[in-house]
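# Structure assessment
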Amino acid sequence: MKVAEAVGRALYAAGVGQVFGVVGSGNFHLTNAMVAAGSRFVAARHEGGAATMADAYARMSGTVAALSVHQGPGLTNAMTGIAEAAKSRTPLLVLAAEVTEPRSNFYVDQEALARSVGAVSARVTSAEGAVTQALDAVRRAVRERRTVLLNLPLGVQALDVPDVPDDESTLAVVPPERAPAEPEFADVEALVRVLERSRRPVFVAGRGARSPGARDALAALAEQHGALLATSAVARGLFHGDPWSLDVSGGFASPLAAELIQEADLIVGWGCALNMWTMRHGRLIAPDTTVVQVDDDASALGAHRELHLGVTGDVELTARRALETGAANRQTQQGDQARQGFRTADIGAAIAARVRWRDVPFEDTSSRERIDPRTLSVALDDILPAERVIGVDSGNFMGYPSMYLSVPDENGLCFTQAFQSIGLGLATAIGAALARPDRLPVAALGDGGVMMGAAELDTVRRLGLPMVVVVYNDDAYGAEVHHFGPDGHPLDTVEFPPTDIAAVARGYGFEAVTVRTRADLKAVEDWLAGPRSAPLLIDAKVVADRGAWWLEEAFRGH
């Protein structure tokens, strides 16, 4: 048995059941070996799309996924998607064929490429150690939550592996999941003391809290101490339906949510970086607010702002330990009763009436030719089924689908925005759709993003995904238009002639509708009521007279 086949079999046995990629000569045998062993392979039309599909699938499934690419250009084509995955600490295994001869036209320093975007590099170096080295790469991806590039030199792939067991069950052992980090008892006690002193606490949950167990533990602890609940954009939906949820904290926050977070005397980040986006460059933190961060990665504590207390520990375990400690203290001191804290009747009523962006009054600027993106988003929120999974691209428009379209839980929004690259949204929705086949997949894109990633429209159609692709089409890179336009700069480089994106979609086998007014959305209702045998693209010609509310916040980070 050749190394390529042995590694492919071992990776499947180790739990890598989903592979995305574009197959060339260098990764042909390895990819086929994984498929023969039982892995599902999804062929993308571009390696960049394949990388983001794998990233999104791993995020929404909670499993490690693989990306398979050709040596040299196959890997360089995928680098933007790999950078997004690495920055998001997605457990992703990148399988890249490799040439080691510098005179080859395919040669690049693949290890240096991985390091440059924050991924980890590994290599299969011999026939004897091939399976072990491949499994080590999977273990590292899972245990350290890292994107790992496993380089597979062509010469090594073709070698014979000695003593390969006939029984595939003995070939590999599924790597154990990352063990939850136990918080120190003293840290939990310190956290409880801070919570007990607080009168207006706010919990902000992030990527590290995206699980039902963590959600339940945080909700119970928040109730015990009268805390309001918020999330980062990545964890949106975690507290869906909770009457004390403020939805998203940061640049996407509604006016009421921002106001209440600014009034907090304690902010606790749970598996959340409390970075410039989530805290609006610190403006959501009042001068006398106590700031606490809980994370199972000690290096993340205080990385973005000064803390009064940092606790190293798994979010769910830490919350449950704090809940138990707080309950014991109350029974000893004053009876086991929850404190009111921030949870007053007036605040509860305000949250119910005004915390959602769709409930914030606005002047509809729609015309007969273009629809206000807020009007569009509110209408789609009403029309589309509640059980949905949304992938959002980057751009001026992105706040509208991210905040106006509700999601049922923490697995309703796949937010690949750590690198803020335009063009990832469609591939994000594909990966999320495959991970959550029980939900209607929705891709929310700008015209710039859909044109960059249009090749993957073929992948949507080929896979038979009943996807709704919504294009917020302002015929421009709107972020640049609204950022530079007011200062009188020429905008020729960021504005484009109108494109009939609906016609492009029909060419790929989509059903498509051009939307200029609310009435045009009747076609969406008809599609939903029908067999959904082909995906649907909505080419929404949106009003382009204003920048999104979050745009100013975004450019503060440049």
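Data block above holds the structure.
Because the structure is predicted, anything quoted here is derived from the model rather than measured.

## Section: the overall build of the protein chain
When its secondary structure is counted, the protein chain shows 21 helices and 18 strands. The C-alpha atoms of the protein chain give 24 Å as radius of gyration, which agrees with the globular expectation for 558 residues (24 Å, within 12%). Within the protein chain, the fraction of its 558 residues that count as buried is 57%. Sequence-distant contacts in the protein chain: of pairs separated by 6 or more residues, those separated by 24 or more amount to 76%. Placing the 51 positive and 69 negative side-chain charges of the protein chain at their respective mean positions leaves the two points 1 Å apart.

## Quick word on the nonpolar core
Counting 54 residues, the largest nonpolar core has L67, I82, L426, M467, V469 and L537 as its most contacted members. If we ignore the near neighbours within four places in the chain, the residues touching M467 are L426, A429, I430, A433, P441, A443, V460, W527, P535 and L536. Counting residues in each nonpolar core, the second largest holds 41 residues, with F252, Y400, V513 and V524 among its members.

## Digging into the sheet that holds strand β5 (residues 120-123)
Spatially, six strands are ordered β2-β1-β3-β4-β6-β5 in an open sheet, and the strand pairing comes out parallel. Bordering the open sheet on either side are β2 (40-43) and β5, each of which pairs with just one other strand. The sheet shows a mean angle of 25° between the axes of neighbouring strands, direction not considered. Of the strand pairs in this sheet, strand β1 (residues 18-21) and β2 are connected by four bridges, and their pairing is parallel. Residue pairing across strands places V19 opposite F41, the latter belonging to β2.

## Side note on the packing of aromatic side chains
Considering all chains together, one arrives at seven aromatic pairs under this definition. Summarising the aromatic geometry, the rings of Y400 and Y404 are spaced 6.0 Å apart at their centres and angled 45° between planes, so their arrangement reads as tilted. Of the two residues, Y400 and Y404 are both situated in helix α14 (residues 399-404); the distance of four residues between them amounts to about one turn of the helix. Classification of Y400 by relative accessible area gives buried; the value is 4%. Judged by centre distance (5.3 Å) and plane angle (85°), the rings of Y477 and F496 are edge-to-face. Highlighted residues: Y477 in the loop between β16 (468-473) and α18 (478-484) and F496 in the loop between α18 and α19 (501-507), separated in sequence by 19 residues.

## Description of helix α2 (residues 28-37)
Listing the buried residues of α2 in full gives L30, T31, A33, M34 and A37. Take α2 and look down its axis: the buried residues cluster within an arc of 160°, on one side only. In α2, the exposed residues that point more than 90 degrees away from the buried face are H29 and A36. Directly after α2, the chain includes G38, whose backbone phi takes a positive value near 135°.

Procedures and definitions
Along each chain, residue indices are assigned from 1 in the same order as the chain's sequence is written. Per-residue local features of the predicted model are confined to residues with pLDDT of at least 70, and side-chain atom pairs are confined, for both listing and counting, to 80 or more; whole-chain, interface and lining totals are unaffected and use all residues. By convention in this description, side-chain values take in all heavy atoms of the structure and omit both hydrogens and water. Strands here are runs of E lasting at least two residues and helices are runs of H or I lasting at least four, both read from the DSSP assignment and numbered beginning at the N terminus. Only C-alpha atoms enter the radius of gyration, while the globule expectation follows 2.2 Å times N to the 0.38, with N the number of residues. Burial classes: relative accessible area under 20% of the type maximum marks a residue as buried, over 50% as exposed, and values in between as partly exposed (1.4 Å probe, protein chains only). The contact criterion used is simple: two residues touch if any of their non-hydrogen atoms lie within 4.5 Å. Within this scheme the basic residues Lys and Arg register as positive and the acidic residues Asp and Glu register as negative, but His and the chain ends are omitted. In plain terms, the charge of a residue is placed at NZ if it is Lys, CZ if Arg, CG if Asp and CD if Glu. Nonpolar cores are built from buried Ala, Val, Leu, Ile, Met, Phe, Trp, Tyr and Cys residues. Side-chain atoms within 4.5 Å join them into one set. A pair of strands is treated as paired once DSSP finds two or more bridges between them. Axis lines are fitted through C-alpha atoms, for helices just across the contact stretch, and the angle between N-to-C directions can take any value from 0 to 180 degrees. Aromatic contacts are taken between Phe, Tyr and Trp rings whose centres are within 6.5 Å, Trp giving its six-membered ring; a plane angle under 30 degrees counts as stacked, one over 60 as edge-to-face, and the others as tilted. Taken from the helix axis, the directions to the C-beta atoms give the arc we talk about.

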